[in-house]
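# Fold and contact review
One letter stands for each residue in the lines below.
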Amino acid sequence: MLRFIAKRLLWMVPSLIVVSFLAFVLIQLPPGDYVTTFIATLAASNEVVDQTTAADLRARFGLDQPMIIQYLKWISGILLHGDFGLSFEWQQPVSNLIWERMALTLVLTFSTLLATWGIALPVGVYSAVKKYSVGDYVVTFLSFLGLAIPSFLLALVLMYIAAVEFGQEVGGLFSEAYVNAPWSFGKVLDLLHHLWIPVIILAASGTASLIRVMRANMLDELNKPYVTTARAKGLSEFHLLVKYPLRLALNPFISTISWLLPNLVSGSIIVAIVLSLPTAGPLLLQSLMSQDMYLAGAFVLLICALTLIGSLISDILLALVDPRIRLE
Amino acid sequence: MSLIDLATHAGARSATPPSLILEVKDLVTHFPVRNGIVKAVDGVSLTLERGKTLCIVGESGSGKSVTARSILQIVDAPGRIVSGAMMLHRADGTSVDLAKFNPRGREIRAVRGREIAMIFQEPMSSLSPVHTVGDQMMEVLRLHLDMGKKQARARCIELLKQVEIPDVERAIDRYTFEFSGGMRQRVMIAMALACNPSLLIADEPTTALDVTTQAEILDLIRRLQQQHGMAVMFITHDMGVVAEIADDVLVMHRGKVMESGTVDAIFHSPQNDYTRMLIGSVLKLEQKAEIRLRRSPIADETLPVLQVRNLSMQFGSGKNALKAVDDVSLTVKPGETLGIVGESGSGKTTMGRCLLRIYDPSAGAIDYRRPDGSTLDLVKADKETLKACRREIRMIFQDPVGSLNPRMTVAQIVGEPLLVNRIAAGKQLDDRVADLLQQVGLEPSWRERYPHAFSGGQRQRIGIARAIALNPRVIVADEATSALDVSLRSQMLDLMMGLQDKLGLSYVFISHDIGVIRYMCDRVAVMYRGRVVETGSAEQVCNSPTHAYTQALLSAIPRPDPRARSIHRRHRYTAA
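On a predicted model such as this, the values are computed, not experimentally measured, just so you know. (Residues numbered from 1 in each chain as written. Chains lettered and ligands numbered in written order. Predicted model: local features only at pLDDT ≥ 70, side-chain atom pairs only at ≥ 80, totals over all residues.)

### Describing the overall build of chain B
Helix and strand counts for chain B come out as 22 helices and 20 strands. The principal-axis extent of the C-alpha atoms belonging to chain B is close to 80 × 55 × 45 Å. By sequence separation, contacts in chain B at least 24 residues apart represent 68% of the contacts at least 6 residues apart. (Helix = DSSP H or I, 4+ residues; strand = E, 2+ residues; numbered from the N terminus. Contact = placed C-beta atoms within 7 Å.)

This is how it looks when you write it as structure tokens:
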């Protein structure tokens with residue numbers, strides 16, 4: 001087991017090097033660079049920038065050097081000093097920008113995850129055990145509805161209801177008073193107060209699809225002979241459901257962890273923009289649009305690292321949970 | 001004696017236990033389906049007595065399994081017991097009607113696993129793959145006998161020792177997939193016996209096992225029955241097993257009891273037509289087919305159509321290498337049937353697949369004589385030659401369900417080889433398909449139907465029609481009759497032999513069933529761990545085998561005659 005983990009960690013090094021290079025190239029592929037975008041923005045407000053100023057800016061940002069040099073500078077900064085570079089647009093170190101956003105994203109994602117699993121797993125099991133009953137049809141109808149409604153639409157509707165019916169201010173994760181305030185008990189309460197709208201929106205479609213998956217997994221397991229064996233032993237129906245088929249039906253969910261982590265960064269961008277949430281998604285989109293290459297690069301690198309770590313974690317968990325899997 | 005024994009043997013110790021354990025009267029179990037109801041069990045009555053074995057026999061769909069499951073009220077949805085009584089007589093003199101209990105209620109749960117225990121056919125899937133053996137066994141003890149963890153573990157170890165599991169202290173913490181099929185079935189038996197039930201229901205417990213393993217499991221059940229004095233209800237389709245172990249027999253067909261009586265009466269003076277047909281088709285496979293007895297033997301000097309020389313097939317490499325086929329040499333003559341017999345894992349299927357180069361053999365040669373008299377080595381043949389040869393060497397598979405594409409009509413399935421080899425198309429193809437279906441005894445007008453509309457036997461006929469579509473010279477039949485009921489088996493073999501004589505086919509017939517081999521084959525090769533240990537004429541190998549392994553194998557096969565029980569006299573073969 002330890003050897004397997006060590007081996008996997010070692011393999012992550014070349015993967016990350018390749019991926020970071022590709023990410024860097026990809027970000028530079030669109031024509032122009034940050035300075036071009038910057039000039040275009042200025043031009044929109046009738047300010048003209050002459051060639052020398054532009055060249056000066058490029059030289060200051062290091063954009064006049066060949067790409068490979070830029071890449072080497074960037075990657076060695078990360079490896080040697082943990083320095084992810086400077087965001088052109090925000091004129092701040094990238095790491096400052098990212099970590100604050102990531103913490104909030106983490107809170108939001110895990111609340112959503114808890115809500116999703118907490119609702120979907122029991123409902124899915126119920127739906128499978130009572131197949132073709134009235135309850136199952138109701139659940140099926142609701143989950144198809146949940147799948148069919150685009151989450152940004154749900155976001156708009158919920159915002160309207162919250163604002164008009166409850167008079168709550170919507171958008172963002174904090175009230176105005178707390179946005180720039182340091183962390184305190186009051187700020188946490190305020191966060192919880194704002195959290196429920198995005199959690200409901202993000203959990204809706206996730207729950208709906210998870211119910212379907214859970215129902216299908218459970219139906220596969222329910223007719224297996226080992227369930228009959230357990231019944232023939234005299235176990236109560238609830239006890240045997242939890243111990244045998246549910247235990248096996250949960251295994252596929254462990255595999256989903258591997259794409260859960262990268263979703264932290266890139267998931268639910270549309271909802272986050274509609275609700276103007278201070279999470280990582282909108283920042284990533286903005287950095288890509290303005291060709292803010294060090295910020296975008298850091299995000300892409302983060303997504304890749306999280307993907308690799310996520311699949312390692314899910315592989316290890318699967319091996320722990322299912323004795324049939326051997327990590328060799 | 002420890003305290004545990006006192007607790008668990010209490011039932012067996014009471015003064016004079018009643019000899020009658022369970023009386024089933026007019027049991028009716030229905031399965032409501034979309035267009036009506038299926039009467040799976042239709043008025044079955046039976047009695048089970050202490051220390052006696054009742055065998056329920058019948059072909060697939062006869063309702064024997066549902067009868068057993070009805071007793072414990074564990075019939076799969078949507079089945080339910082409609083009427084009837086099932087009186088369970090307890091050791092303390094009281095009686096209860098199991099049919100009156102709520103299937104999810106506390107009363108029936110107290111009976112399950114405690115007074116009536118059950119073992120199932122497939123020992124792999126009947127145990128959970130993610131819980132240890134000990135975990136699954138201790139559960140019953142803790143549930144019914146209120147044992148603590150330590151006490152339950154001690155009792156489990158004792159039980160596993162009783163069923164002869166080696167290295168019990170470590171085995172108890174292992175998972176089922178770490179055991180062989182026979183060992184898993186032993187675990188199932190130990191689990192069923194945990195609470196000393198008064199009735200053990202065994203639903204085809206040896207069907208998925210090799211004959212030598214089957215003999216050991218049958219022995220074990222008999223020994224434990226004598227020790228514990230329980231009644232055994234044994235469900236099987238194998239008349240040999242019935243003759244070997246039964247005291248009484250109940251013959252079922254389409255949910256109804258056809259005949260019941262002592263094992264001797266059923267085998268030697270059956271009254272019912274269906275029973276006679278069943279016994280008849282079993283006895284038919286005990287000797288060589290008449291059509292083969294009449295045929296003159298193939299001349300010795302005939303040149304073989306296939307000659308396999310020192311064929312080896314290795315899977316994996318280095319330390320984990322497995323030699324599935326190890327230095328095998330065989331010959332097949334035109335018009336001849338060569339039987340390949342062996343237990344699971346003996347390499348017989350791998351060998352068959354090597355003949356068609358589905359697997360690439362790692363060493364050796366397969367010399368194939370073309371119709372023009374030239375020979376070529378299939379192992380070294382290039383793609384084009386191989387393609388041409390595969391028109392002449394075809395295959396029939398074991399599973400009649402899995403080997404036919406459910407999205408294709410029968411006409412498409414049978415016609416596909418003709419179409420892809422550009423032999424026939426359009427009207428001509430249609431005529432050819434109709435002709436092929438007629439040859440295998442299927443109505444040509446059925447050719448627009450899909451495979452699911454056919455029974456198992458009919459599907460296997462479709463598989464045969466597909467195999468003979470290209471006028472092949474050799475057919476490799478891999479367990480072609482194993483999935484069929486015994487009454488269909490001889491029909492299928494007769495059909496194959498008829499086609500052989502008409503079309504001049506050679507068969508390589510792979511089977512684990514000695515009866516089928518004896519009935520159909522001219523010569524037999526016995527495989528054991530990848531090697532051929534004995535070859536000879538079918539009579540010689542089946543009646544007076546020379547190799548010790550063949551002798552051991554034959555001695556473990558139960559004969560369908562209760563007056564000549566023999567498997568307790570079997571001997572084991574251990575490779576040198």
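### Considerations on unusual backbone geometry
All names here are of chain B. With a phi angle near 60°, Arg357 is a residue other than glycine that sits in the positive phi range. Note on placement: Arg357 falls in the loop between helix 14 (348-355) and strand 14 (363-369). The backbone of Arg529 shows a phi angle near 50°, a positive value even though the residue is not glycine. Relative to the elements of secondary structure, Arg529 occurs in the loop between strand 19 (523-528) and strand 20 (531-537).

### Some details on the UniProt feature "transmembrane region" (unreviewed entry) in chain A
Residue and element names in this part refer to chain A. UniProt tags residues 9-29, 102-125, 137-163, 195-214, 253-275 and 295-321 as "transmembrane region" (unreviewed entry). With 93% helix and 0% strand, residues 137-163 has its two end C-alpha atoms placed 33 Å apart. The span residues 195-214 shows a helical share of 100% and a strand share of 0%, and its end C-alpha atoms are spaced 26 Å apart. (UniProt positions renumbered as here; feature names shortened; annotations may be inferred.)

### A few points about the interface of chain B and chain A
Tallying the contact residues gives 23 residues for chain B and 18 residues for chain A. If you list the elements that add at least two residues to the side of chain B that touches chain A, you get helix 4 (106-111) and helix 5 (133-144) of chain B. A class-by-class count of the residues in the side of chain B that touches chain A yields 12 nonpolar, 5 polar and 6 charged. (Nonpolar A, V, L, I, M, F, W, Y, C, P; charged D, E, K, R; others polar.)

### As for the sheet that holds strand 16 (residues 393-396) of chain B
Residues and elements named next belong to chain B. Taken together, 6 strands build an open sheet; the order of strands is 16-17-18-13-19-20 and the sheet is mixed. The strands lining the two open edges of the sheet, one partner per strand, are strand 16 and strand 20. With strand direction ignored, the average angle separating the axes of adjacent strands in the sheet is 20°. Direction of pairing for strand 13 (residues 337-341) relative to strand 18 (residues 506-511): parallel, over a ladder of 5 bridges. From the neighbouring strand, Gly339 faces strand 18, where its bridge partner is Phe509. Relative to strand 18, helix 14 is tilted by about 155°, and along the sheet it contacts strand 13, strand 16, strand 17 (474-478), strand 18 and strand 19. (Pairing = 2+ DSSP bridges. Axes fitted to C-alpha atoms, helices over the stretch in contact; angles between N-to-C directions.)

### Digging into the pairing of strand 4 (residues 80-89) of chain B
Residue and element names in this part refer to chain B. In terms of strand pairing, strand 1 (residues 20-33) meets strand 4 through 7 bridges, oriented antiparallel. Of the residues in strand 4, the one forming a bridge with Val24 is Met86. Pairing analysis gives 3 bridges linking strand 4 to strand 5 (residues 95-97), with the strands arranged antiparallel. Pairing of Leu88 across the sheet is with Val96, part of strand 5.

### Comments concerning the pairing of strand 14 of chain B
All names here are of chain B. The pairing of strand 11 (residues 306-315) with strand 14 spans 5 bridges and is classified as antiparallel. Bridge pairing links Leu306 to Tyr368 in strand 14. Relative to strand 15 (residues 375-377), strand 14 runs antiparallel, the two sharing 3 bridges. Across the sheet, the residue bridging to Asp367 is Asp377, located in strand 15.

### Details of the packing of helix 1 (residues 2-28) of chain A against helix 4 (residues 67-81) of chain A
All names here are of chain A. Where helix 1 contacts helix 4, the axes come no closer than 11 Å and their chain directions differ by 130°. Our classification of the angle between helix 1 and helix 4 gives oblique. Crossing geometry of helix 1 relative to helix 4 is assigned as right-handed. Where helix 1 approaches helix 4, its residues Ser20, Phe21, Phe24 and Gln28 are matched on the opposing element by Met67, Tyr71, Trp74 and Ile75. Partitioning the contact of helix 1 with helix 4 into residue classes produces 6 nonpolar, 2 polar and no charged. (Parallel < 35°, antiparallel > 145°, perpendicular 65-115°, else oblique. Left-handed = near helix turned anticlockwise from the far one by under 90°.)

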